Amino acid sequence: MSTITGFKVEDLRFPTSLTGDGTDAMNQECDYSSAYVTLLTDSNDIGYGMTFTIGRGNDIVCTAVHKVAERLVGKKTADLFADMGAAWSFLLADPQLRWIGPEKGVIHIATAAVVNALWDMYARHEKKPLWQLIYDFTPEQFVKATAFRYITDAITPAEALELLKSKEAGKAERLARVKKEGFPSYTTSVGWFGYSDEKVARLTREAIASGFNHFKVKVGADVKDDARRLKLVRSIIDDPKECAGRPTPGPETLVGKNAGPTGSVLMIDANQVWDVAQAVEYVAELSEFKPWFIEEPTAPDDILGHANIRKQLKPYGVGVATGEHAHNRMVFKQLLQANAIDVCQIDSCRLAGVNEILAVLLMAAKFGVPVCPHAGGVGLCEYVIHLSLIDYLCVSGSIDLNVLEYVDHLHEHFVTPCTINSSGHYNVPSDPNEGYSIAMKESSKAEFVFPHGSYWSSPEAKKAHNLK
């Protein structure tokens, strides 16, 4: 039996602001960053975790990670692994730390890093990728690990248990299918806000060549500019000549998605820039390009605003997606209860780790809303393939309408990066030693730890980023 003896917290930042990667109408200067924690023990057990930010303020999150991780020092790993639900509740139970949330904001995303690290340690200890660790749970173990506090008016543990038991049949067949085909994904890399039309066109063609048939474009600053870019993307993805040789999407994967003649699907994302009335008016003007959904059309915790937007956009055939910045399971509960979303977008680091995400997966399955996780950033793609696999294999049993976001940035910094097959689908993580797939290369950490890493301390970086 090992004991957690300490931890290391690192402020890691990557200079994506220099290339325009990650830019959108709300966030036009992004240095993808990770508040990264390593849990240490008196044995070979080790756990890696992180939460995601976009630069300034990452140090604040690191300070909060330190405070949360302190609570695990001296704990026996066997006791923690035996009841991960209780471990999660313990990490959220410090009254003074809870006060500065509660269960939202900096303290919540910091808790995500620590919770993710503990699950990573557990999976590594069991010699299984995280998705397989939970796939092998009994329904009772799954329920025991799930965060139900404040959501039992949407789903009770008994209801969840019944749902999970109903999905036991067919688990092996679903696993065989996803190992063969991969998990469907979509690309956002074609449509960042700061990209020129020429770059958008080039990246769209490259995405088609890589097998993708779902494409997301950032919108929200100028409707005429957005219309021009959407027309450009549609002209490429709807052209049979451009799509020649790409795998043909099955019709069951296109239901309700406004797919074009080649089976290509377009989505748009405003990253919270509009008020409710603005969102409706703006998207109505872009509806001729037939997007499947508008993502984050308004403030992320405005549940009734999302419901209003969804209702008003129905005549235009455009759905609503959100969740990237939904700060806890209670926001998702209300979004689902209010019929405010067509697509549920969990985030692996905005919610407080795996336990809370399991709760949202169960609620989405009960309400019949497909889960299409937010990814991208740094490390998020590595994380969310595990979560989508858990949803498909154990919870919803659904894969036809689900797509997982993929962004082709920064994967080279991870020991076991996620990979995409020739159909544009995520491959299933298979290394028994990868845990939650977030172990970062030591060379990358040495280069990009802020502010003293070899990149950030260089004169060139200080000049490029206006650092003193």
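Refer to the structure above for everything that follows.
What you see is a predicted model, and the numbers here were worked out from it, not measured in a lab. (Residues numbered from 1 in each chain as written. Predicted model: local features only at pLDDT ≥ 70, side-chain atom pairs only at ≥ 80, totals over all residues. Heavy atoms only, no water.)

Chemist: How would you sum up the overall build of the protein chain? Please name residues and give values.
Modeler: Per the secondary structure count, the protein chain includes 18 helices and 11 strands. The globule rule puts the C-alpha radius of gyration for 468 residues at 23 Å, and the 21 Å found for the protein chain is close to it. In terms of overall dimensions, the protein chain has C-alpha extents of about 60 × 60 × 40 Å along its principal axes. Nonlocal contacts in the protein chain, meaning residues at least 24 apart in sequence, comprise 76% of its contacts between residues at least 6 apart. Per element, the accessible surface of the protein chain, about 17,900 Å² overall, is 52% carbon and sulfur. Once the 47 positive and 58 negative side-chain charges of the protein chain are each reduced to a mean point, those two points are 1 Å apart. (Helix = DSSP H or I, 4+ residues; strand = E, 2+ residues; numbered from the N terminus. Rg over C-alpha atoms; globule rule 2.2 N^0.38 Å. Contact = heavy atoms within 4.5 Å. Areas by Shrake-Rupley, 256 points an atom, 1.4 Å probe, with all protein chains shown as cover. Lys, Arg positive; Asp, Glu negative; His and termini not counted. Charge placed at Lys NZ, Arg CZ, Asp CG, Glu CD.)

Chemist: Describe helix 8 (residues 157-166), with residues and values.
Modeler: For helix 8, every residue scored as buried is listed here: Ala160, Leu163 and Leu164. Angularly, the buried residues of helix 8 cover 95° about the axis, an arc narrow enough to put them on a single face. In this structure, helix 8 carries Ala158 and Glu162 as exposed residues pointing more than 90 degrees from its buried face. (Buried < 20%, exposed > 50% of the residue type's maximum accessible area, 1.4 Å probe, protein only. Arc of directions from axis to C-beta.)

Chemist: Help me get a handle on the packing of helix 1 (residues 58-69) against helix 5 (residues 105-125), residues and values and all.
Modeler: Two elements in contact, helix 1 and helix 5, have axes separated by 8 Å at closest approach and are oriented at 60°. Taken together, the axis directions place helix 1 and helix 5 in an arrangement best described as oblique. For the pair helix 1 and helix 5, the sense of crossing is right-handed. Mapping the contact onto sequence places Ile60, Val61, Ala64, Val65, Val68 and Ala69 in helix 1 and Val106, Ile107, Ile109, Ala110, Thr111, Ala113 and Val114 in helix 5. (Axes fitted to C-alpha atoms, helices over the stretch in contact; angles between N-to-C directions. Parallel < 35°, antiparallel > 145°, perpendicular 65-115°, else oblique. Left-handed = near helix turned anticlockwise from the far one by under 90°.)

Chemist: Before we move on, could you go through the packing of aromatic side chains and cite the residues and values that matter?
Modeler: Applying the stated rule across the entire model yields 16 aromatic pairs. Centroid distance Phe448 to Tyr455: 5.6 Å. Interplanar angle 40°. Geometry classified as tilted. Pair check on accessibility: Phe448 and Tyr455 agree, each one buried. Site record: aromatic cluster; members linked through ring pairs are Phe14, Phe448, Phe450, Tyr455 and Trp456. Its guanidinium or amino end placed over the ring of Tyr195, Lys199 lies 4.0 Å from that ring's centre, counting from NZ or CZ. (Phe/Tyr/Trp six-rings, centres within 6.5 Å; stacked < 30°, edge-to-face > 60°. Lys NZ or Arg CZ within 6 Å of the ring centre and 35° of its normal.)

Chemist: Let's hear about the side chain of Ser458: which residues, and what values?
Modeler: Position of Ser458 relative to the elements: it lies in the loop between helix 17 (442-448) and helix 18 (459-464). Within the structure, the side chain of Ser458 is placed 3.2 Å from the backbone nitrogen of Ala461, a separation counted as a polar contact. (Polar contact = N/O pair within 3.5 Å; in protein donor to acceptor, adjacent residues only side chain to side chain.)

Chemist: Any details on helix 14 (residues 329-337)? Residues and values, ideally.
Modeler: Across the 9 residues of helix 14, 7 count as buried, placing the element largely inside the fold. Considered for burial, the residues of helix 14 that qualify are Arg329, Met330, Val331, Phe332, Lys333, Leu335 and Leu336. With a side-chain oxygen lying 3.1 Å from the backbone nitrogen of Met330, the N-terminal cap of helix 14 falls on Asn328. Phi for Asn339, located one or two positions after helix 14, is positive at around 50°.

Chemist: Residues and numbers for the nonpolar core, please.
Modeler: Within soluble globular proteins, side chains that are nonpolar generally end up buried alongside one another. If you look at the biggest cluster of nonpolar residues, it comprises 149 residues, and the most contacted ones within it are Trp119, Ile294 and Ile346. With sequence-adjacent residues up to four places away left out, Trp119 is seen in contact with Met84, Leu130, Leu133, Ile134, Phe137, Ala145, Val354 and Asn355. With 10 residues, the next largest nonpolar core counts Leu254, Met267, Val343 and Val403 among its residues. (Core = buried A, V, L, I, M, F, W, Y, C linked by side-chain atoms within 4.5 Å.)

Chemist: I'd love a proper account of the pattern of salt bridges, names of residues and values included.
Modeler: Applying the stated criterion across every chain, the model contains 26 salt bridges. One salt bridge connects Glu181 with Arg177, and the closest N-O pair in it is separated by 3.2 Å. Note that Glu181 and Arg177 are positioned in helix 9 (residues 171-181) at a spacing of 4 residues, about one turn of the helix. Put simply, Arg228 and Asp197 hold a salt bridge, and the shortest N to O gap is 2.7 Å. (Salt bridge = Lys/Arg side-chain N within 4 Å of Asp/Glu carboxyl O.)

Chemist: Got a sec to walk through the state of the cysteines? Specific residues and values, please.
Modeler: As used in these notes, a disulfide is a covalent bond between sulfur atoms, one from each of two cysteines. Within this structure, the stated rule accounts for 0 disulfides. A disulfide-free cysteine, Cys349 has its sulfur positioned 11 Å from the sulfur of Cys381, the nearest such atom. Its relative accessible area of 2% is what places Cys349 among the buried residues. (Disulfide = S-S within 2.5 Å.)

Chemist: Can you lay out the pairing of strand 3 (residues 46-53) for me, pointing to particular residues and giving the numbers?
Modeler: Across the 8 residues of strand 3, 7 count as buried, placing the element largely inside the fold. As paired elements, strand 2 (residues 33-41) and strand 3 share 8 bridges and run antiparallel to each other. Within the sheet, the bridge partner assigned to Tyr36 lies in strand 3 and is Met50. (Pairing = 2+ DSSP bridges.)

Chemist: Now, about the sheet that holds strand 1 (residues 4-13): what can you tell me, with residues and values included?
Modeler: Across a sheet, paired strands are connected by hydrogen bonds in the backbone, their directions being either parallel or antiparallel. Spatial strand order, 1-2-3: 3 strands in an open sheet with antiparallel pairing. Each edge of the open sheet carries a strand with a single partner, namely strand 1 and strand 3. On average, adjacent strands in this sheet sit at an angle of 15° to one another, irrespective of strand direction. Bridging between strand 1 and strand 2 involves 9 bridges; their strand directions are antiparallel.

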